[in-house]
Amino acid sequence: MERMADSTTESGTRFIEVSLAKRGVACTARLLDDRAPLTCAAVWDALPLVSDVYHAKYARNEIYALFPAFAEQEPPLENPTVTPIPGDLCYFSFNGTQLGSQSYGYGSGAGLSAGSPVIDLALFYERNNLLMNGDVGWVPGIVWGQVVEGLDEMAAACQDLWRSGAVGETLGFRRATSSPSGD
């Protein structure tokens, strides 16, 4: 199927590219407009987004980036999960004090301050994830996208990030410029 100028297929399906710049790897994800329309609209309208990448401490097989709030109004908890599967893109909203503990290790560079909303956009790249945090308990996320192409390469890069470190790496989200194979 041919891609239209606004990164939407003729059927209305929207795709984004998720990338790790330093490692030169990217995957393509389909937005789940039918399950999380408000979240998809908020993210789509804010693209492109790029920030430092982090690897999860608690959720296991997750990479994520933190951004200042970008939605005019925060989306409700639509299409929630506490057990994301490989390829899920999740949206979390926190206030600065929720992530301000030294145990998270963000320091002052993550733009965290009391009362300021922080958006966490995450990619889950492998199985057996559980969104449970020792400080606050269950942390449901909004599943707003699903990787449809390139997950194996991205998962290998995520494992390298876990083993080698995230310093100097960024996680980016942008509108896809081409349709994945078979669409």
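Let me begin by describing the structure that accompanies this report. (Residues numbered from 1 in each chain as written. Predicted model: local features only at pLDDT ≥ 70, side-chain atom pairs only at ≥ 80, totals over all residues. Heavy atoms only, no water.)

Take the overall build of the protein chain next. Tallying secondary structure elements over the protein chain gives 2 helices and 11 strands in all. Its helices and strands in sequence order give the protein chain the pattern β-β-α-β-β-β-β-β-β-β-β-α-β, from N to C terminus. Split into buried and exposed, the 183 residues of the protein chain put 49% on the buried side. Here the contacts in the protein chain between residues at least 6 apart in sequence split such that 77% fall between residues at least 24 apart. (Helix = DSSP H or I, 4+ residues; strand = E, 2+ residues; numbered from the N terminus. Buried < 20%, exposed > 50% of the residue type's maximum accessible area, 1.4 Å probe, protein only. Contact = heavy atoms within 4.5 Å.)

Of all hydrophobic cores here, the largest spans 37 residues; its most connected members are Ile16, Val18, Leu20, Ile63, Leu121, Trp144 and Phe173. Sort the elements by how many residues they give to this core and helix 2 (residues 151–164) lands first, with 6 residues. For Ile16, the contacting residues outside a window of four places in its chain are Cys27, Thr28, Ala29, Leu31, Trp44, Leu47, Leu89, Trp144, Phe173, Arg174, Arg175 and Ala176. With 14 residues, the next largest nonpolar core counts Ala56, Phe92, Phe94 and Phe124 among its residues. (Core = buried A, V, L, I, M, F, W, Y, C linked by side-chain atoms within 4.5 Å.)

Another point: helix 2. Compared with an ideal rise of 1.5 Å per residue, which puts 14 residues at 20 Å, helix 2 spans 19 Å between its outermost C-alpha atoms and is within 8% of the ideal. All of the buried residues in helix 2 are Leu151, Met154, Ala155, Ala157, Cys158 and Leu161. End-on, the buried residues of helix 2 take up no more than an arc of 165 degrees, which puts them together on one face. Exposed residues on helix 2 whose side chains face more than 90 degrees from its buried face are Asp152, Arg163 and Ser164. In the core, the buried residues of helix 2 are packed alongside strand 1 (15–20), strand 2 (25–31), strand 3 (49–55), strand 4 (62–68), strand 7 (117–124) and strand 10 (141–149). Just past helix 2, the residue Gly165 takes up positive phi, approximately 110 degrees. (Expected span 1.5 Å × (residues − 1). Arc of directions from axis to C-beta.)

Below, the discussion takes up the pairing of strand 11 (residues 170–175). Pairing geometry for strand 1 and strand 11, over 5 bridges, is antiparallel. Its bridge partner being in strand 11, Val18 is matched across the sheet by Phe173. Alignment of strand 3 against strand 11, held across 4 bridges, turns out to be antiparallel. By the bridge assignment for strand 11, Ser51 is matched with Leu171. (Pairing = 2+ DSSP bridges.)

Tallied over the full model, the rule gives 5 aromatic pairs. With centroids separated by 5.5 Å and ring planes inclined at 25 degrees, the aromatic side chains of Tyr54 and Tyr64 adopt a geometry described as stacked. With a gap of 10 residues between them, Tyr54 in strand 3 and Tyr64 in strand 4 connect regions that are remote in the sequence. According to the relative accessible area criterion, Tyr64 is buried, its value standing at 9%. (Phe/Tyr/Trp six-rings, centres within 6.5 Å; stacked < 30°, edge-to-face > 60°.)

This part takes up unusual backbone geometry. The amide bond that connects Leu47 to the next residue, Pro48, takes the cis arrangement and shows omega of 5 degrees. Note that Pro48 resides in the loop between helix 1 (37–46) and strand 3. A positive phi angle, close to 50 degrees, is found at Asn79, a residue other than glycine. With relative accessibility at 26%, the residue Asn79 sits in the partly exposed group. You will see that Asn128, though not glycine, has its phi angle at about 65 degrees, which is positive.

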